[in-house]
There are 2 protein chains.
Amino acid sequence: MRMSTKAQYAVRALVSLNLTSDGDPVSIKDISSRENISLNYLEQLFVKLRRGEIVKSVRGPGGGYMLARPAADIRVDEIIDTVEETLVPVSCMEADGSCSCTSECATQSVWQGLGNQIRTFLASMTLEDLTNEGRRRLDS
Amino acid sequence: MRMSTKAQYAVRALVSLNLTSDGDPVSIKDISSRENISLNYLEQLFVKLRRGEIVKSVRGPGGGYMLARPAADIRVDEIIDTVEETLVPVSCMEADGSCSCTSECATQSVWQGLGNQIRTFLASMTLEDLTNEGRRRLDS
DNA sequence: ATCATACCTGAGTGTTTCTGTCAATTATTT
DNA sequence: AAATAATTGACAGAAACACTCAGGTATGAT
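All of the points below concern the structure found in this document. Just so we're clear, the structure is a prediction, and the values are computed from it rather than from any experiment. (Residues numbered from 1 in each chain as written. Chains lettered and ligands numbered in written order. Predicted model: local features only at pLDDT ≥ 70, side-chain atom pairs only at ≥ 80, totals over all residues. Heavy atoms only, no water.)

**Description of the relation of the copies chain B and chain A**
Overlaying chain B on chain A yields an RMSD of 0.1 Å, the required transformation being a rotation through 180° with an accompanying axial translation of 0.0 Å. A rotation of that kind, with that shift, is consistent with a two-fold axis. Scanning chain B for the C-alpha nearest the rotation axis identifies Met1(B), at a separation of 2.9 Å. Most of the interface of chain B is mirrored in chain A, where 100% of its interface residues again form contacts. (Least-squares fit on C-alpha atoms with pLDDT ≥ 70 in both. Contact = heavy atoms within 4.5 Å.)

**Things to note about the pattern of salt bridges**
Residue and element names in this part refer to chain A. If you walk through the whole model with that rule in mind, you get 14 salt bridges over all chains. Glu-133 serves as the salt-bridge partner of Arg-136, at 3.3 Å between the closest nitrogen and oxygen. Residue Arg-136 and its partner Glu-133 are both found in helix α6 (residues 127-139); the two are separated by three residues, about one turn of the helix. You can call Glu-133 buried: its relative accessible area is 17%. (Salt bridge = Lys/Arg side-chain N within 4 Å of Asp/Glu carboxyl O. Helix = DSSP H or I, 4+ residues; strand = E, 2+ residues; numbered from the N terminus. Buried < 20%, exposed > 50% of the residue type's maximum accessible area, 1.4 Å probe, protein only.)

**So, the protein's contact with DNA strand D**
Contacts to DNA strand D come from 27 residues, most closely from Tyr9(A), Ser38(A), Gln44(A), Ser57(B) and Tyr65(B). Within 4 Å of the protein, the contacting atoms of DNA strand D are drawn from sugar and phosphate to the extent of 65%. Taking Gln44(A), its side chain carries an N or O atom lying 2.6 Å from a base oxygen of DNA strand D. Between DNA strand D and the protein, one listed contact pairs a base nitrogen with a side-chain N or O atom of Arg59(B) at 3.4 Å. (Near = heavy atom within 4 Å. Polar contact = N/O pair within 3.5 Å; in protein donor to acceptor, adjacent residues only side chain to side chain.)

**Things to note about the interface of chain B and chain A**
Each side of the interface is counted separately: chain B has 36 residues, and chain A has 36 residues. Interface of chain B and chain A: buried area, both sides summed, is about 3,400 Å²; carbon and sulfur atoms make up 68% of it. Contact with chain A buries surface across chain B, with Met1(B), Arg2(B) and Arg137(B) losing the most and accounting together for 23% of the total. Taken together, chain B and chain A are joined by zero salt bridges. Across the chain B-chain A interface, the total number found is six residue pairs in polar contact (both at pLDDT 80 or more). The element that contributes the greatest number of residues to the side of chain B that touches chain A is helix α5 (residues 108-123) of chain B, accounting for ten residues. Looking at the side of chain B that touches chain A residue by residue, the class counts come to 20 nonpolar, ten polar and six charged. (Buried area = accessible area lost by both parts, 1.4 Å probe. Nonpolar A, V, L, I, M, F, W, Y, C, P; charged D, E, K, R; others polar.)

**With respect to the protein's contact with DNA strand C**
In the region of DNA strand C, 27 residues are neighbours, and Ser57(A), Tyr65(A), Ser38(B), Gln44(B) and Arg59(B) sit closest. Near-protein atoms of DNA strand C (within 4 Å) split between backbone and bases, with sugar and phosphate holding 62%. Within the side chain of Ser57(A), one N or O atom sits 2.6 Å away from a phosphate oxygen of DNA strand C. The contact in question runs from a phosphate oxygen of DNA strand C to an N or O atom on the side chain of Tyr65(A), over 2.4 Å. For the surface near DNA strand C, the secondary structure elements donating two or more residues are α3 (39-51), β1 (55-58) and β2 (64-67) of chain A together with α1 (5-20) and α3 (39-51) of chain B.

**What about helix α2 (residues 28-35) of chain A?**
Because an α-helix completes one turn every 3.6 residues, residues spaced three or four positions apart along the sequence face the same direction. Residues and elements named next belong to chain A. Among the residues of α2, those classed as buried are Ile-28, Ile-31, Ser-32 and Glu-35. On an axial view of α2, the arc spanned by its buried residues comes to 100°, and they lie on one face. In α2, the exposed positions angled more than 90 degrees off the buried face are occupied by Lys-29 and Ser-33. In the core, the buried residues of α2 are packed alongside α1 (5-20), α3 and β2. Two residues or fewer past α2, Asn-36 is found with a positive phi of approximately 60°. (Arc of directions from axis to C-beta.)

Set out below in structure tokens:
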């Protein structure tokens, strides 16, 4: 039961972006060197984040990425969904919580409940929350 | 973020065992055919479950496995721990929730909180709960 | 214009984990 | 002795993961 680095990187990169941005776009290269994440790998993630309308891109010199929406409107579960990491703990279960198992499957309720817990928790945190947390850590 | 089949099979197999047992040991072959899980694979899981003192084995004809403790004393998170599936969502974090990340890692709190949620939820369910759920499904 | 910057894209690759098989052994009961 | 069933370790195919590489395209600055 591990969150993939894809999801971890995406969240970290967005916090980093939001922390260092002052209205201007931030280049992916900056984020890469600051967070020690492979540049090319980060690019792939940002393609997805752009398509998911989490960030928007500015091309050309001085360009980079910036948030497509206020940080308070970006939930952590959205970020993870966008980089295509499933939050559903078993494969027989759909994203909406329904399950294709037979009715005599007694363990269904465990995974269904677990999925709900995970979803609810990650939906309760926004990028703004994490950025504030980051600022607090920088101060101390 | 998927629970491995190892964990899923272990829980299903134990529910099945507890449902069909009437005090006598249940052979792994029975469970295998009832739950459609590879016999040899199940064996591996039961070795771990035995070492983890979730089940005990009875060898020879008429033998098999039985619960080592009352079903009400076996929590789901214990089962999953025993078959060696980690419940900690990121690798930098220990089982006790402590993290080896640097202090400026702002995403730590997400994974830490998520890990706690998962652990707490799975610790709130026992094998007895699931068995009762199974009985209810069989009746209807 | 052209050059540098930086986003954009898809193909490819080594590693690891997962999932399961196979073969052989040991212990127990009938 | 023979049958049953747990026990163990080695192994292997497949899939996912975590990148790398090699280009391409759009844009602003000189």
